[in-house]
Amino acid sequence: MTRVYKSSVIEAPVNVVWAHIRDFNGLHKWFPGVTDTRLEGSIPAGQAGCVRNFGLASGGRMREELLEFSDQTHTCAYKMLDGAVPMTRYQASVRLKPGADAGSTFAEMSAEFECPPGMENEVAAFLGNTYQTALDGLNRQLKKT
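Residues numbered from 1 in each chain as written. Predicted model: local features only at pLDDT ≥ 70, side-chain atom pairs only at ≥ 80, totals over all residues. Heavy atoms only, no water.

A. Up close: the nonpolar core. Met-87, Tyr-90, Phe-113 and Tyr-131 are the most contacted members of the largest nonpolar core, which totals 41 residues. Taken together, the elements giving at least two residues each to this core come down to β1 (2–10), α1 (14–21), β3 (51–56), β4 (61–70), β5 (75–82), β6 (88–98), β7 (105–114) and α2 (120–142). With eight residues, α2 is the single largest residue contributor to this core. In this view, Phe-113 contacts Met-1, Thr-2, Val-4, Met-87, Thr-88, Arg-89, Tyr-90, Glu-120, Val-123, Ala-124 and Leu-127; residues no more than four positions away in its chain are not counted. (Core = buried A, V, L, I, M, F, W, Y, C linked by side-chain atoms within 4.5 Å. Buried < 20%, exposed > 50% of the residue type's maximum accessible area, 1.4 Å probe, protein only. Helix = DSSP H or I, 4+ residues; strand = E, 2+ residues; numbered from the N terminus. Contact = heavy atoms within 4.5 Å.)

Shown next, in the form of structure tokens:
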């Protein structure tokens with residue numbers, strides 16, 4: 001399995017950052033390259049088992065299932081069911097903690113996946129860049145809120 005990990009300090013309180021990203025159906029509001037998001041089925045957005053289907057600016061679609069969700073620990077974990085990226089067994093998580101500075105948040109995004117042999121570095125770099133862009137964008141959106 002290949003692993004990717006990115007972290008960043010967001011200059012906003014953890015409850016503000018969590019309120020902005022906690023909606024499993026709201027990925028398009030903060031994640032780069034996502035154009036729209038809709039839930040499939042009747043399981044609500046914060047409950048394990050719900051499935052989101054989202055569009056990508058490149059034209060593809062992805063489907064992910066929520067595995068774990070906690071308002072108390074500000075975490076969620078999910079797996080890819082179908083996607084436009086050449087990988088399998090993709091499982092990712094987002095975790096927020098109060099930052100060292102008052103009013104800041106330490107945000108972590110990580111994933112494990114398999115992909116065709118020889119593509120590990122390319123796919124890991126793509127995901128790492130995408131995660132860092134998402135974290136940087138969150139900081140710009142929420143700074144000093």
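B. Geometry of the pattern of salt bridges. This structure, assessed with the given rule, holds ten salt bridges. Across the pair Glu-65 and Lys-79 runs a salt bridge whose closest N-O atoms are separated by 4.0 Å. Remark: Lys-79 occurs in strand β5 and Glu-65 occurs in strand β4; sequence separation between them is 14 residues. The residue Glu-114 makes a salt bridge to Arg-89 at a minimum N-O spacing of 2.8 Å. One end of the pair, Glu-114, is in strand β7; the other, Arg-89, is in strand β6, with 25 residues separating them in the sequence. Members of the salt-bridge network, linked through shared partners, are Glu-40, Arg-63 and Asp-82. (Salt bridge = Lys/Arg side-chain N within 4 Å of Asp/Glu carboxyl O.)

C. Here's a closer look at unusual backbone geometry. Of note in the backbone geometry, His-74 takes a positive phi value of approximately 55 degrees without being a glycine. Residue placement: His-74 occurs in the loop between β4 and β5. Residue His-74 is classed as buried on the basis of its relative accessible area of 15%. Residues other than glycine seldom take positive phi values, yet Arg-89 does so here, at roughly 50 degrees.

D. Quick peek at the packing of aromatic side chains. One pass over the structure, following the stated rule, counts four aromatic pairs. Relative to Tyr-90, the ring of Tyr-78 lies with its centre 6.5 Å away and its plane at 50 degrees, an arrangement referred to as tilted. Of the two residues, Tyr-78 is situated in strand β5 and Tyr-90 in strand β6; the sequence distance between them amounts to twelve residues. Judged by its relative accessible area of 5%, Tyr-78 is buried. Linked through ring pairs, Phe-24, Tyr-78 and Tyr-90 together constitute an aromatic cluster. Seen from the ring of Tyr-78, Arg-52 lies directly overhead, with NZ or CZ sitting 4.9 Å from the centre. (Phe/Tyr/Trp six-rings, centres within 6.5 Å; stacked < 30°, edge-to-face > 60°. Lys NZ or Arg CZ within 6 Å of the ring centre and 35° of its normal.)

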